[in-house]
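If you want the building blocks of each chain, they are given just below.
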Amino acid sequence: MTGSTEDLRLENVTKRFGDFVAVDALDLTVPQGSFFALLGPSGCGKTTTLRMVAGLEEPTAGRVLIGDEDITNLRPYRRPVNTVFQSYALFPHLTIFENIAFGLRRRRVKDFKQKTLEMLNLIQLEQYATRKPDQLSGGQQQRVALGRALINEPGVLLLDEPLGALDLKLRRQMQVELKRIQTEIGITFVHVTHDQEEAMTMADTIAVMNHGVVEQMGAPGELYENPSTTFVANFLGQSNLIMGSVIDSTGQTVVVDCHGQKVGVHAGRSHTAAGKGWLGVRPEKIFASPAGSEDYFDSNVLTGGRITDVGFFGVSTQYLVAMPWGQEVVVFEQNTGQRAPFKNGDEVDLAWSRGHAYLLDADQDAQAGMTTPEDAE
Amino acid sequence: MTHGLGAPAAPEMSPAPVVDGETARRRGWGWLLLLPGMLWLFVFFLYPTIQLFFTSLYDPSGSFEQGYSMTWHFANYVDAVRDTWNLFARSFTYAGIATVVCLAMGYPLAYAIAFKAGRWKNVMLILVIAPFFTSFLLRTLAWRTILSDNGPVTSFLQTIAVLPDDGRLLATPVAVIAGLIYNFLPFMTLPLYASLDKVDPRLIEAAGDLYSGPFTGFRKVTLPLSMPGVVSGTLLCFIPACGDYINAELLGTPKQYMVGNRIQSAFLTEHNYPLASSLSIILMLVVVAMVIVYVRRSGAEDLV
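The rules behind the values
- Residues numbered from 1 in each chain as written.
- Chains lettered and ligands numbered in written order.
- Predicted model: local features only at pLDDT ≥ 70, side-chain atom pairs only at ≥ 80, totals over all residues.
- Helix = DSSP H or I, 4+ residues; strand = E, 2+ residues; numbered from the N terminus.
- Buried ≥ 20, exposed ≤ 12 C-beta atoms within 10 Å, placed from the backbone.
- Contact = placed C-beta atoms within 7 Å.
- Pairing = 2+ DSSP bridges.
- Axes fitted to C-alpha atoms, helices over the stretch in contact; angles between N-to-C directions.
- Nonpolar A, V, L, I, M, F, W, Y, C, P; charged D, E, K, R; others polar.
- Parallel < 35°, antiparallel > 145°, perpendicular 65-115°, else oblique.
- Left-handed = near helix turned anticlockwise from the far one by under 90°.
- Domains from an automatic or database assignment.
- pLDDT = per-residue confidence, 0-100.
- Expected span 1.5 Å × (residues − 1).
- Arc of directions from axis to C-beta.
- Core = buried A, V, L, I, M, F, W, Y, C linked by C-beta atoms within 7 Å.

**Here we look at the overall build of chain B**
So, step 1. For chain B, the helix and strand inventory stands at 12 helices and 0 strands.
So, step 2. When the helices and strands of chain B are read in sequence order from the N terminus, they spell out α-α-α-α-α-α-α-α-α-α-α-α.
So, step 3. For chain B, the spread of C-alpha atoms along the three principal axes comes to 90 × 75 × 35 Å.
So, step 4. Per-residue burial for chain B yields a buried fraction of 30% across its 304 residues.
So, step 5. Residue pairs in contact within chain B that sit at least 24 positions apart in sequence constitute 68% of those at least 6 positions apart.

The following block contains the structure:
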């Protein structure tokens, strides 16, 4: 445990609904003042986890602590925790002013008027103080929900998909805004989302959840560059996963045989010791070159590829490359204009630096965590 | 369209809304659909009300045999108030007590159905409505048996010494008010249920998250959001209870008679149509006035 006194800690927290295990023996420490994201597909248990911290669900087992105080059995209104609800849950019969002042008035804070006006100012809605929530736009309602929670200066602010109802452009704006506010006031934010991009842009630490457990936790860059499971590799960004078998795992570099071609993976990025494994590499890390045209000294190379599809995206081009063993590998190339793009049927070699690949346990489903565009929303 | 004197209409302001054939046809349909309802209201509400008003001004010395003549006899109203003000007072008191008790009983019931009943919700709603399958008259007659001097309720209350040994329930105000409560409880419960069911449980969670204990959360969120139901429930209970005469007739004695009983006997027994009409008009006006004050004070004008 870290030394900070107000960390949010979940110890062995489990939640069952009948036979369904929503959250399974979860251990989590959220350092005080950090922006923490719980990321996962719907039904992975992230919202249930959040509701247990808020006190809206009771854990079947385990403890929830803030600092040294055990809050597992405290009623929601006794917890130093506030929530920004997914649907905002603004009080429709109260004005914006009264919505924001609600928490302060319940705690009989004397200068609630002054504080509410300051909060209205912070969220830039002073002129809407006397309106009712349904007279505001989605983005404005979102800011009211945020202000209504923040004004109580909670130890931990919980955000349940707070940007889900906003359109893309507004969502990007609010991401920047939320991050700015969090940095300014230094309150711990626990942000639940299924949007990996949102989690990566905002959070200091991401816990990727799946089926009620945390698959992997770390800084966004760390998770992206060195995923430890196929689920994380696919859910965060895109991965090419190629079946291979470990030949030598004794040195700094683990040597893997991929369909007859040898490649190396740094030992620290190898998450399986022996036998078969999924060799993973991100599409933008791969450099494609005309077959036999380059000598790669210290890189991994897979030869025998043939371009089967060219997708032009403006800033980049996406190639699908059919490998001799039948798999199609995705390659992104930035459109620097240094060379002419490949055409369908071109023979290519694929190369990447040893520090960029990762090796995952072969027992896992290579499709795990893949999202279709419909799922993404 | 009207324009200022001498001001030639600016072209962009002048055109009357262009009604193309399609729109006009749709509007025509709208009116056509309203027609049956309007006709109904005119024939069965507006015309009889006007007729009632005229009847209330007939010469009071008229009779069924001699006929009635219109003499614009406004003194009928003075006589009616002078002779029956105590009946009015009793009606409003009984109806008021019944409404308050209905609210006190109906609110928890509606709350339980809306939030706690789970899969029993529909069954409970049907149970609330079930009494309507039997006639109003029969149900009230049944209460005569329930409250009778040798009945279980009276005996029980005598045993626990709430009632003296010769005390009775039937033929007392308690019986009449109990009958009113029983008969009008569904009219309170259903609108309350309808508006409580619309309250988003997440708002109650949000109130809890914002430092409201269960009671404060109820007072600040659930109750205000259910006010439309409270207002319509009390109106649906109070208004018909004011004019009710069956309960007083079957469960009470002339000492418990309400204004409805007087109107009934004036109309049907004495054939004193001017008196009966003026009593009806007074009852109607007083109730309308009370409703207006009530709705204004509850701040629910836009909710009813």
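**Observations regarding the sheet that holds strand 12 (residues 253-258) of chain A**
All names here are of chain A.
So, step 1. Taken in spatial order, the 5 strands make up an open sheet running 13-12-11-14-20, and their pairing is antiparallel. With partners counted over all chains shown, the strands left at the sheet margins are strand 13 (261-266) and strand 20 (358-361), one partner each. For this sheet, the mean inter-axis angle between neighbouring strands, taken without regard to orientation, is 45 degrees.
So, step 2. Where strand 11 (residues 240-248) meets strand 14 (residues 276-281), 6 bridges bridge the pair, whose relative direction is antiparallel. Across the sheet, the residue bridging to leucine 241 is glycine 280, located in strand 14.

**Concerning the interface of chain A and chain B**
So, step 1. Across the boundary between the two partners, chain A contributes 15 residues, which contact 15 residues of chain B.
So, step 2. Of all the secondary-structure elements, those providing two or more residues to the side of chain A that touches chain B are strand 6 (81-84) and helix 2 (96-106) of chain A.
So, step 3. A total of 3 residues in the side of chain A that touches chain B trace back to one element, the largest contributor, which is helix 2 of chain A.
So, step 4. Broken down by class, the residue content of the side of chain A that touches chain B amounts to 8 nonpolar, 5 polar and 2 charged.

**Topic: the packing of helix 4 (residues 136-146) of chain B against helix 6 (residues 173-197) of chain B**
Residues and elements named next belong to chain B.
So, step 1. Their axes nearest at 10 Å, the elements helix 4 and helix 6 cross at an angle of 140 degrees. Our classification of the angle between helix 4 and helix 6 gives oblique. Considering how the two elements wind past one another, helix 4 and helix 6 form a crossing that is right-handed. Between helix 4 and helix 6, the residues in contact are Phe136, Arg139, Thr140 and Trp143 and Gly179, Tyr182 and Asn183, respectively.
So, step 2. Considered class by class, the residues forming the contact of helix 4 with helix 6 number 3 nonpolar, 3 polar and 1 charged.

**A word on unusual backbone geometry**
A negative phi holds for most residues other than glycine; trans holds for most peptide bonds.
All names here are of chain B.
So, step 1. Even without glycine at this site, tyrosine 211 takes up a positive phi of about 70 degrees.
So, step 2. Within the secondary structure, tyrosine 211 is located in the loop between helix 7 (201-209) and helix 8 (214-225).
So, step 3. One non-glycine residue, histidine 271, adopts positive backbone phi at about 55 degrees.
So, step 4. Tracing the backbone through its elements, the reader meets histidine 271 in the loop between helix 11 (259-268) and helix 12 (273-297).

**A closer look at the domain arrangement of chain A**
So, step 1. Split into domains, chain A comes out as domain 1 (8-225) and domain 2 (238-361).
So, step 2. For domain 1 of chain A and domain 2 of chain A, the distance between their C-alpha centroids amounts to 40 Å.

**Things to note about the pairing of strand 14 of chain A**
It is a general feature of regular strands that their side chains alternate between the two faces of the sheet.
Residue and element names in this part refer to chain A.
So, step 1. The buried fraction of strand 14 is high, at 5 of 6 residues.
So, step 2. Pairing between strand 14 and strand 20: 4 bridges, direction antiparallel. Residue pairing in the sheet places tryptophan 278 in a bridge with leucine 360 of strand 20.

**Describing the sheet that holds strand 6 of chain A**
Strand pairing in a sheet relies on backbone hydrogen bonds, with the paired strands running either antiparallel or parallel.
All names here are of chain A.
So, step 1. Strand order in the open sheet formed by 6 strands is 6-7-8-3-9-10, and the pairing between neighbours is mixed. The open sheet has two edge strands with one neighbour each: strand 6 and strand 10 (213-218). Adjacent strand axes in the sheet meet at a mean angle of 20 degrees when their direction is disregarded.
So, step 2. Bridging between strand 7 (residues 156-160) and strand 8 (residues 188-193) involves 5 bridges; their strand directions are parallel. Bridge pairing links leucine 158 to valine 190 in strand 8.
So, step 3. Of the strands in this sheet, strand 6 and strand 7 touch helix 4 (residues 138-150), which is tilted by about 175 degrees from strand 6.

**Considering the confidence of the model for chain A**
In regions of low pLDDT, the predicted coordinates are not meant to be interpreted in detail.
So, step 1. Of the residues in chain A, 97% reach a pLDDT of 70 or more, and the chain-wide mean stands at 91.
So, step 2. Below pLDDT 50 for its whole length, residues 373-377 of chain A participates in 1 contact with residues either more than four positions away or in separate chains.

**So, helix 8 of chain B**
Residue and element names in this part refer to chain B.
So, step 1. With 12 residues, helix 8 should cover 16 Å at 1.5 Å per step; its first-to-last C-alpha distance of 15 Å lies within 8% of that length.
So, step 2. Listed as buried for helix 8 are Gly217, Lys220 and Val221. Down the axis of helix 8, the smallest arc covering the buried residues is 95 degrees, so these residues share one side.
So, step 3. Where helix 8 is buried, its residues meet helix 7.

**Digging into the environment of Arg63(A)**
All names here are of chain A.
So, step 1. Inspection of the secondary structure assignment puts arginine 63 in strand 4 (residues 61-66).
So, step 2. A count of 14 C-beta atoms within 10 Å places arginine 63 in the partly exposed class.
So, step 3. Note: C-alpha distance between arginine 63 and isoleucine 187 (124 residues apart in sequence) is 22 Å.
So, step 4. In this view, arginine 63 contacts Glu11, Asp70 and Thr72; residues no more than four positions away in its chain are not counted.

**A closer look at the packing of helix 2 (residues 75-116) of chain B against helix 11 of chain B**
Residues and elements named next belong to chain B.
So, step 1. Where helix 2 meets helix 11, the axes come as close as 8 Å, and the angle between the chain directions of the two elements is 130 degrees. The orientation of helix 2 with respect to helix 11, classified from their angle, is oblique. Residues Thr84, Leu87, Phe88 and Ser91 of helix 2 lie in contact with helix 11, whose contacting residues are Val259, Gly260 and Arg262.

**Let's talk about the nonpolar core**
So, step 1. Ranked by size, the top nonpolar core spans 145 residues in total, and within it Val53(A), Val190(A), Val208(A), Ala98(B) and Phe184(B) carry the most contacts.
So, step 2. Top contributing element to this core by residue count: helix 6 of chain B, with 13 residues.
So, step 3. Of the residues that make up this core, three or more belong to each of domain 1 (8-225) and domain 2 (238-361) of chain A.
So, step 4. Dropping the residues within four chain positions of it, Ala98(B) is found in contact with Ile177(B), Leu180(B), Ile181(B), Phe184(B), Cys237(B) and Ala241(B).

**A look at the pairing of strand 4 of chain A**
All names here are of chain A.
So, step 1. Inspection of the sheet shows strand 1 (residues 8-17) paired to strand 4 by 5 bridges, in the antiparallel sense. In the sheet register, leucine 8 faces strand 4, and the bridge partner there is isoleucine 66.
So, step 2. Inspection of the sheet shows strand 4 paired to strand 5 (residues 69-70) by 2 bridges, in the antiparallel sense. Along strand 5, the bridge assignment pairs isoleucine 66 with glutamate 69.
So, step 3. Where strand 4 folds back on strand 5, the antiparallel hairpin that results is connected by 2 residues, among which glycine 67 adopts a positive phi of roughly 60 degrees.

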